[in-house]
Amino acid sequence: MALSFFGILPDADVLVSIHRAFLHNIFILLIVPLVIFVFIKDIKIYGIITFYLMSHLILDIFNGGIFLLYPLYDSVFFSRIEIWFHSGDIIPVIYYGISDKIVPMGKGEPMISSENIGVAILLIITVLVSVIINHGTKKKST
């Protein structure tokens, strides 16, 4: 819980620079956890911080996009995957690309959205990693 701060850290870029640029890029995944690892030298903490930062970036890619390679490349990477139900029809919507600005996500809410899928995948990964770690710990103790 103490490290959950890193899950919202990228949004602090709104105070210093263009929102979703300065702290919403691939370099934040490399620099912040590495600097903390140098001081703490705990691989578990390194992994948790990396996971929090990465999950924030992934979710924002599906919600308007991020400046993934900022400051080297000044464009927004975005993706949108949804399943719409309209008048009894199922309409899959896949929209992705590179833009010069954050992409508006349109009106209304789909039944199944990329954010929901992203959150579900991240939660499943968290559970699987936890099960694997606990399983390895139980084998060592027996």
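In this report, the structure presented in the accompanying data block is examined. In this text, all values refer to a predicted model and were calculated from it rather than measured experimentally.

Conventions used here
- Residues numbered from 1 in each chain as written.
- Predicted model: local features only at pLDDT ≥ 70, side-chain atom pairs only at ≥ 80, totals over all residues.
- Heavy atoms only, no water.
- Phe/Tyr/Trp six-rings, centres within 6.5 Å; stacked < 30°, edge-to-face > 60°.
- Buried < 20%, exposed > 50% of the residue type's maximum accessible area, 1.4 Å probe, protein only.
- Core = buried A, V, L, I, M, F, W, Y, C linked by side-chain atoms within 4.5 Å.
- Helix = DSSP H or I, 4+ residues; strand = E, 2+ residues; numbered from the N terminus.
- Contact = heavy atoms within 4.5 Å.
- Salt bridge = Lys/Arg side-chain N within 4 Å of Asp/Glu carboxyl O.

### Digging into the packing of aromatic side chains
No. 1: Counted by the stated rule, this structure contains six aromatic pairs.
No. 2: Considering the side-chain rings of F37 and Y46, the 5.6 Å spacing of their centres and the 65 degrees angle between planes classify their relative orientation as edge-to-face.
No. 3: The class of Y46 is partly exposed, set by a relative accessible area of 28%.
No. 4: Ring geometry for F78 versus Y95: centroids 5.2 Å apart, planes at 50 degrees, classification tilted.

### Regarding the nonpolar core
No. 1: Formed by F6, L9, L23, I28, L29, V32, I36, I49, L53, L57 and I66, the largest nonpolar core amounts to 11 residues.
No. 2: Only α3 (26–40) and α4 (43–61) provide two or more residues apiece to this core.
No. 3: Sorting elements by how many residues they give to this core places α3 first, with four residues.
No. 4: In this structure, V32 is in contact with F6, L9, I49 and L53, ignoring residues within four places of it in sequence.

### Describing the pattern of salt bridges
Where charged atoms from two side chains of opposite charge approach closely, those side chains can pair.
No. 1: In the structure shown here, the tally under the stated rule is two salt bridges.
No. 2: Taking the shortest distance from any N to any O, the salt bridge between R20 and D60 comes out at 3.6 Å. Pair noted here: R20 is in the loop between α2 (13–16) and α3 and D60 is in helix α4, with a separation of 40 residues, a long-range link. Judged on exposure class, the residue R20 and its partner D60 are both buried.
No. 3: For E82, the salt bridge goes to R80, with nearest N and O atoms at 2.3 Å. There is no split in this pair, since E82 and R80 are both buried.

### Observations concerning the environment of L3
No. 1: Position of L3 relative to the elements: it lies in the segment before α1 (5–8).
No. 2: Sequence separation of L3 and Y52 is 49 residues, and the distance between their C-alpha atoms is 8.3 Å.
No. 3: Aside from chain neighbours lying at most four places away, what touches L3 is I45, I48, I49 and Y52.

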